[in-house]
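Geometric and topological summary
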Amino acid sequence: MVRVAGEVADGWIVHPMHSPDFVRVVALPALQQGLATAGRSRSDFAIAAQTIVMVGNDDAEIARARAAAKAQIAFYGSTPAYKVFLDHHGWGDLQPRLNHMSKEGRWGEMVALVSDEMLDVIGVSGTPAAAGAALRRRNAFATRTSLVLYN
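So, a few notes on the structure that sits alongside this text. (Residues numbered from 1 in each chain as written. Predicted model: local features only at pLDDT ≥ 70, side-chain atom pairs only at ≥ 80, totals over all residues. Heavy atoms only, no water.)

**What to know about the overall build of the protein**
The helix and strand tally for the protein stands at eight helices and four strands. Against the 2.2 N^0.38 benchmark of 15 Å for 151 residues, the protein shows a C-alpha radius of gyration of 16 Å, consistent with a compact globule. With the C-alpha coordinates of the protein rotated into their principal frame, the extents come out at 50 × 40 × 20 Å. Burial statistics for the protein: of 151 residues in total, 43% are counted as buried. A sequence separation of at least 24 residues applies to 75% of the contacts in the protein between residues at least 6 apart. Accessible area of the protein: about 7,800 Å², with a carbon and sulfur share of 56%. Taken as two groups, the 15 positive and 14 negative side-chain charges of the protein have centres that lie 4 Å from each other. (Helix = DSSP H or I, 4+ residues; strand = E, 2+ residues; numbered from the N terminus. Rg over C-alpha atoms; globule rule 2.2 N^0.38 Å. Buried < 20%, exposed > 50% of the residue type's maximum accessible area, 1.4 Å probe, protein only. Contact = heavy atoms within 4.5 Å. Areas by Shrake-Rupley, 256 points an atom, 1.4 Å probe, with all protein chains shown as cover. Lys, Arg positive; Asp, Glu negative; His and termini not counted. Charge placed at Lys NZ, Arg CZ, Asp CG, Glu CD.)

**Examining the side chain of His18**
Along the chain, His18 turns up in the loop between strand E1 (11-14) and helix H2 (20-37). In this structure the side chain of His18 is engaged in a polar contact, spanning 2.8 Å, whose partner is the side chain of Arg138. (Polar contact = N/O pair within 3.5 Å; in protein donor to acceptor, adjacent residues only side chain to side chain.)

**Some details on the environment of Ile52**
Mapped onto the secondary structure, Ile52 falls in strand E2 (residues 46-55). Among the residues examined, Ile52 registers a relative accessible area of 0% and is labelled buried.

**Considering the layout of surface pockets**
Reported here for the largest pocket is a volume of approximately 480 Å³. Residue lining of the largest pocket: 19 residues in total, with Met1, Val2, Trp12, Phe22 and Tyr82 positioned closest to the centre. Listing elements by their share of the lining of the largest pocket, those giving two or more residues are helix H1 (2-8), E1, H2 and helix H4 (83-88). Ranked by the residues each element gives to the lining of the largest pocket, the list is headed by H2, at five residues. Considered class by class, the residues forming the lining of the largest pocket number 16 nonpolar, two polar and one charged. (1 Å grid on protein atoms, 1.4 Å probe; cavity = no way out; pocket = protein on both sides within 12 Å on 5 of 7 lines; lining within 4 Å. Points joined across faces, edges and corners; volume = space filled by probe spheres on them. Nonpolar A, V, L, I, M, F, W, Y, C, P; charged D, E, K, R; others polar.)

That's the geometry; what it means functionally is another story.
Printed below as a string of structure tokens:
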């Protein structure tokens, strides 16, 4: 899909279920192939990265934001379309488990399967200042960023 976007679209909106490494290793090469096929350059194309951002003014607020974001990541991870992303990070075995649990309505149990490592790869967290700085570094590949904010 990203390759086709490079061929025909003005831009690409990156889903929140991504990581900079996945974008760099998998998505951007596909995008470049599409741009090359259409005879276009990267400067002709916008990338808007939706990113999960978990903020708080203290450790307790940040912990609450992180817990809320884990529920969203568990839901995304249950979707077969994101298995490729999970495979890239070595978490592919989790996708069918989450999918099965979602069909049984076991949402609380699904959240427990999302590790802190996954959370930190997929999003950024901290105080507003710390999260903002991390977000700028993380999304250097993007033309713009939109926040999926948990606070």
